Amino acid sequence: MKLHNLFPTLVMEFDLSDEMPVKNLKELIDNNKSVQAYKHGKIEHGFSSHGCLNHILDESDFAPLKELFQTCVDQYSNNVGMGDLNIVQSWFNVYLQGGKIGAHRHEGSVCSAAFYPYCEDGSASLQFHSPLKPYRMNEIFEQETEYNTYFWKFPAKQNTLYLFPSWLEHETEINLTNERYVISFNTQRANEV
């Protein structure tokens, strides 16, 4: 017998704990006045800098972090056989207790990211939705396996970066900890920037 995994979707996980070029990221985010955070319509019990004119990774204090992220994006791009991608937008979200964001995807981007500069143990997971669900209307499963699940969860872990295709719908569960910080970014092909 031989198993074939057809049309896999790549999600890459990077533990950047030993490579962090910037210390005290939580405090840097909290004290950065040029990137304003506000209540975001999609985030319950939290706030975001998404939509702010200034992008968090374009701030000088975050330049070494952006460079490290770009190295990870390059690895992702090489693994999927894609041309060069550049980080083009970045923002942070802070989820308080009870905070969550519903299912969404990142329009106009190739690869997107979630990086956790600060999260307490037990913070809400990042959950991905299978794009195959609408096509499996006649399949009835007696047990969940990796071949039929409609959701895949990745834990929020401090200093961990997840890269995934921007079309992959994702959300967070309700956060039960006090605070959960995430830096997100989008990418575009280098020749389109």
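## Topic: the sheet that holds strand β5 (residues 126-129)
Taken in spatial order, the 3 strands of this open sheet run β6-β5-β8, and their pairing is antiparallel. Two strands bound the open sheet, and with one partner strand each, they are β6 (151-154) and β8 (170-172). Neighbour-to-neighbour, the strand axes of the sheet open up by a mean angle of 25 degrees, direction not taken into account. Two strands pair when backbone bridges link them, and β5 and β8 are joined in this way by 3 bridges, in the antiparallel orientation.

## With respect to the side chain of Asn 186
Along the polypeptide, Asn 186 turns up in strand β9 (residues 179-189). There is a polar contact of 2.7 Å between the side chain of Asn 186 and the side chain of His 106. In this structure, Asn 186 is in contact with Asn 86, Ile 87, Val 88, Gln 89, Trp 91, His 106, Ser 109, Cys 111 and Ser 112, ignoring residues within four places of it in sequence.

## Some words on the sheet that holds strand β4 (residues 111-119)
Read from one edge of the open sheet, 6 strands run β1-β7-β4-β9-β3-β2, paired in antiparallel fashion. The outermost strands of the open sheet, each flanked by one partner alone, are β1 (12-15) and β2 (43-48). This sheet shows a mean twist of 25 degrees between the axes of neighbouring strands, independent of strand direction. Of the pairings in the sheet, the one linking β1 to strand β7 (residues 160-165) comprises 4 bridges and is antiparallel in character. Bridge pairing in β7 places Asp 15 opposite Thr 160. Each of β1, β3 (85-101), β4, β7 and β9 is contacted by helix α2 (residues 63-80), which is oriented at about 105 degrees to β3, the strand it contacts most.

## A word on the pattern of salt bridges
Overall, the coordinates contain 7 salt bridges when judged by the stated rule. The residue Glu 13 makes a salt bridge to Lys 157 at a minimum N-O spacing of 2.6 Å. Placement of Glu 13 in strand β1 and of Lys 157 in the loop between β6 and β7 is noted, with a sequence separation of 144 residues between them. Residue Glu 139 pairs with Arg 136 through a salt bridge whose shortest N-O separation is 2.8 Å. Overall, Glu 139 belongs to the partly exposed group, its relative accessible area being 38%. Looking at Arg 136, the relative accessible area reads 17%, which means it is buried. Each member of the salt-bridge network shares a partner with another, and the members are Lys 26, Asp 30 and Glu 179.

Calculation criteria
Residues numbered from 1 in each chain as written. Predicted model: local features only at pLDDT ≥ 70, side-chain atom pairs only at ≥ 80, totals over all residues. Heavy atoms only, no water. Pairing = 2+ DSSP bridges. Helix = DSSP H or I, 4+ residues; strand = E, 2+ residues; numbered from the N terminus. Axes fitted to C-alpha atoms, helices over the stretch in contact; angles between N-to-C directions. Polar contact = N/O pair within 3.5 Å; in protein donor to acceptor, adjacent residues only side chain to side chain. Contact = heavy atoms within 4.5 Å. Salt bridge = Lys/Arg side-chain N within 4 Å of Asp/Glu carboxyl O. Buried < 20%, exposed > 50% of the residue type's maximum accessible area, 1.4 Å probe, protein only.

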